[in-house]
Amino acid sequence: VRRIIISGIRTEQCCETTTRHASDLGYQIDFVGEATLTFAMTDASGRSWSPAEIRARTELVLGGRFARIATVDEALARRKAA
């Protein structure tokens, strides 16, 4: 296994942490944000973050550093080509 496709629940927690850890271990990662799920959150200052905002923030910090941000179709096509 050299490449991992990340999807799942809690975009900013489980999925992001798994992506960072797998990248640190040397895996190539396709992070499929459209196949993740999270819930609205309120930060310490009282700002409410929508699931879309949380996903965008997660993709921003992971993309190009820890993972390739991909759609479902892109990730599956890349897997098929490998």
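A few points on the structure.

Conventions and cut-offs
Residues numbered from 1 in each chain as written. Predicted model: local features only at pLDDT ≥ 70, side-chain atom pairs only at ≥ 80, totals over all residues. Heavy atoms only, no water. 1 Å grid on protein atoms, 1.4 Å probe; cavity = no way out; pocket = protein on both sides within 12 Å on 5 of 7 lines; lining within 4 Å. Points joined across faces, edges and corners; volume = space filled by probe spheres on them. Helix = DSSP H or I, 4+ residues; strand = E, 2+ residues; numbered from the N terminus. Nonpolar A, V, L, I, M, F, W, Y, C, P; charged D, E, K, R; others polar. Expected span 1.5 Å × (residues − 1). Buried < 20%, exposed > 50% of the residue type's maximum accessible area, 1.4 Å probe, protein only. Arc of directions from axis to C-beta. Salt bridge = Lys/Arg side-chain N within 4 Å of Asp/Glu carboxyl O. Core = buried A, V, L, I, M, F, W, Y, C linked by side-chain atoms within 4.5 Å. Contact = heavy atoms within 4.5 Å. Pairing = 2+ DSSP bridges. Right-handed = clockwise from strand over helix to strand, strands pointing away.

What to know about the layout of surface pockets
Next up, step 1: Volume-wise, the largest pocket comes out at about 170 Å³.
Next up, step 2: Mapped by element, the contributors of at least two residues to the lining of the largest pocket are strand 1 (3-9) and helix 3 (72-81).
Next up, step 3: Tallied by class, the residues present in the lining of the largest pocket amount to two nonpolar, one polar and four charged.

Details of helix 1 (residues 11-24)
Next up, step 1: Over its 14 residues, helix 1 extends 18 Å from the first C-alpha to the last, a length consistent with the 20 Å expected when each residue adds 1.5 Å.
Next up, step 2: For helix 1, every residue scored as buried is listed here: T11, E12, C15, E16, T19, A22 and S23. The arc that holds the buried residues of helix 1, viewed along the axis, is 140 degrees, so those residues lie on one side. Projecting away from the buried face of helix 1 at angles above 90 degrees are the exposed residues T17 and D24.
Next up, step 3: Downstream of helix 1 by one or two residues, G26 has phi in the positive range, about 100 degrees.

Examining the pattern of salt bridges
Next up, step 1: This model, assessed by the stated rule, comprises eight salt bridges.
Next up, step 2: A salt bridge links E12 to R10, with the nearest nitrogen and oxygen atoms 2.8 Å apart.
Next up, step 3: Put simply, R78 and D30 hold a salt bridge, and the shortest N to O gap is 3.1 Å. On the criterion of sequence distance, the pair formed by R78 in helix 3 and D30 in strand 2 (residues 28-37) is long-range, its members being 48 residues apart.
Next up, step 4: Linked by salt bridges that have partners in common, R3, D30, R68 and R78 make up one network.

Observations concerning the nonpolar core
Next up, step 1: Counting seven residues, the largest nonpolar core consists of I6, C15, A22, I29, F31, L62 and A67.
Next up, step 2: Put simply, the parts of the chain that give this core at least two residues each are helix 1 and strand 2.
Next up, step 3: In this view, C15 contacts I6, S7, G8, I9, R10, F31 and T36; residues no more than four positions away in its chain are not counted.

Some points on unusual backbone geometry
Next up, step 1: Despite not being glycine, R10 has its phi angle at roughly 70 degrees, a positive value.
Next up, step 2: Structurally, the position occupied by R10 is in the loop between strand 1 and helix 1.
Next up, step 3: Residue class for R10 comes out partly exposed when judged on its relative accessible area of 22%.

Digging into the pairing of strand 1
Next up, step 1: Sheet analysis places strand 1 next to strand 2, joined by six bridges and oriented parallel. Counterpart to I5 in the pairing with strand 2 is D30.
Next up, step 2: Read as a crossover between parallel neighbours, the route from strand 1 over helix 1 to strand 2 is right-handed.

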